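Descriptive analysis of the structure
Below, each chain spelled out in residue letters.
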Amino acid sequence: MSRPPVRLYNTFTRSKQELRPINDGVVRIYSCGPTVYRYVHVGNLRTFMVPDLLCRSLTYLGYQTHQVMNITDVGHLTDDTFDRGEDKMLVSARLENKSTDEIAAYYTDAFMTDIRKVNIRPAVEYPRATQYIPQMIELIEKLIVQGHAYEIGGTVYYDIASFPAYGRLSRNTTDKLLTGVRGDPDPRKKHPGDFTLWKAAGEHRQQVWPSPWGEGFPGWHIECSAMSLSLLGDHFDVHTGGADNVFPHHEAEMAQSEAVTGHRVVGLWMHGGLLSSRGDRARRRVGVTVPSRDRQRHRHAGGDGPRRGPHALIAAGAREGHTPQAVGRSPRPRPRSRDAGGAAARRRRGAPRGATGSTGREGLREVGPAA
Ligand SMILES: [Zn+2]
């Protein structure tokens, strides 16, 4: 079957590039999904609409798609760039007086509900990071053996100096990074920019696993290497995420996956830009408030497909705001007053791909503080 060629903007090359699926006619996509410690906001939803729009377009053009989106339920620290601060899951668990399992179950359920409301078709699979701890440990062991990682006191760091291509995706340099540092990075690191693969448990009272380096938990970046390599193999077509994932998350993922495999893993990197509201660019990390009239409009999105409703969010500059910030700082999540009780009972599975999902009677959830 002949299909029209598709050209996509590749963050890696900073140019449009023809999509050439590794398996003829089947495009395999890995999408960075939510960290399930709070409700997603409209900026997050826009990021998740990008791969949905891609899948819908490819399907229309005669391609098959196989999209995997991860659920991060451990290891995402409040300071991504320098691997400092607390695990976001743990912060929410403490603020809401819940276990991390309860927090993960509740906000995963809320995420699935929200994407149905805005008519995002579900991915084929939603792997959870906590299900892939053995694969992460295996990857870290390989990185240590290969000289790309080192352990200090039960914490394992990636040695960025061992991977000369580090910075290639984001076009960041370690010098730029250091200009934004507030406070001192872990002085035990070989380089301040070395990032955490495995973190010693320390005061971390929940979500701790045994490992060759003692009890601890994985870093955020190794999660996506483990899940993408496990589920899509060592070479797949498209990796999606938000523009704020380019650095450090995707830069680190690329360094990990390519060091282990010895070759390029991702064919094309596709990132959704930052969302603007009322003409002002609204950084996702400082939150985006949707005016009530816009929410009203979104209520009618269900079943309208990609050309109406919230998919209009994509219309504004899909790759605007591409330049990754050298240092991103996250505000601490605030306590929530919503009752999270009975979450597991209300948990619902995502509808199969192709289902319209939304009833069309529900609006977007009120936007909260961003992560
Ligand atoms: Zn990811």
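Just so it is clear, the model here is predicted, and its values are computed rather than measured.

Criteria and cut-off values
- Residues numbered from 1 in each chain as written.
- Predicted model: local features only at pLDDT ≥ 70, side-chain atom pairs only at ≥ 80, totals over all residues.
- Core = buried A, V, L, I, M, F, W, Y, C linked by C-beta atoms within 7 Å.
- Buried ≥ 20, exposed ≤ 12 C-beta atoms within 10 Å, placed from the backbone.
- Helix = DSSP H or I, 4+ residues; strand = E, 2+ residues; numbered from the N terminus.
- Contact = placed C-beta atoms within 7 Å.
- Pairing = 2+ DSSP bridges.
- Expected span 1.5 Å × (residues − 1).
- Axes fitted to C-alpha atoms, helices over the stretch in contact; angles between N-to-C directions.
- pLDDT = per-residue confidence, 0-100.

A look at the nonpolar core
- Core analysis: the largest hydrophobic core is formed by 80 residues, its most contacted members being Tyr107, Met136, Ile140, Leu143, Tyr158 and Leu197.
- With nine residues, the top contributor of residues to this core is helix α3 (residues 100-117).
- Discounting residues that sit within four places of it in the chain, Leu197 has contacts with Ile140, Leu143, Ala149, Val156, Tyr157, Tyr158, Gly219 and Ile222.

So, the pairing of strand β1 (residues 7-10)
- Alignment of β1 against strand β2 (residues 15-18), held across four bridges, turns out to be antiparallel. Its bridge partner lying in β2, Arg7 is registered against Glu18.
- Where β1 hands over to β2, the hairpin turn is made up of four residues, of which Arg14 adopts a positive phi near 55°.

Examining α3
- With 18 residues, α3 ought to run about 26 Å at 1.5 Å a step, and its terminal C-alpha atoms sit 25 Å apart, in line with that.
- Counting buried residues along α3, 13 of its 18 residues qualify, which places the element largely inside the surrounding structure.

Some details on the sheet that holds strand β9 (residues 195-200)
- The antiparallel open sheet is built from four strands, whose spatial order is β7-β8-β9-β10. The two strands at the open ends of the sheet, each matched to only one other strand, are β7 (149-152) and β10 (216-218). The sheet shows a mean angle of 20° between the axes of neighbouring strands, direction not considered.
- In the sheet, β7 pairs with strand β8 (residues 155-158) via four bridges, with the strands oriented antiparallel. Among the inter-strand pairings, Ile152 is bridged to a residue of β8, identified as Thr155.
- Those strands touched by helix α4 (residues 133-145) are β7, β8, β9 and β10, and its axis lies near 105° from that of β7.

Quick look at the environment of Lys16
- Tracing the chain through its elements places Lys16 in strand β2.
- Distance from Lys16 to Val6, taken between C-alpha atoms, is 9.6 Å for residues ten residues apart in sequence.
- Once residues within four sequence positions are removed from consideration, Lys16 is found in contact with Arg7, Leu8 and Tyr9.

Section: the confidence of the model for the protein
- Looking at the protein, the pLDDT average stands at 77 and 69% of residues meet or exceed 70.
- Overall, residues 282-309 carries pLDDT values under 50, and its contacts beyond four positions in sequence, including any with other chains, amount to 68 contacts.
- Across residues 316-371, confidence stays below pLDDT 50; counting only partners more than four residues off in sequence or on other chains, it has 129 contacts.

Focus on the sheet that holds strand β3 (residues 26-31)
- Spatially, β4-β3-β11-β12 is the arrangement adopted by the four strands of the open sheet, whose pairing is parallel. At either margin of the open sheet sits one strand with a lone partner, and together these are β4 (64-69) and β12 (266-272). Across the sheet, the mean angle from the axis of one strand to that of its neighbour is 25°, orientation sign disregarded.
- Where β3 meets strand β11 (residues 236-242), three bridges bridge the pair, whose relative direction is parallel. Residue pairing across strands places Tyr30 opposite His239, the latter belonging to β11.
- Running over the sheet, helix α6 (residues 220-232) touches β3, β4 and β11 and is turned about 160° from β3.

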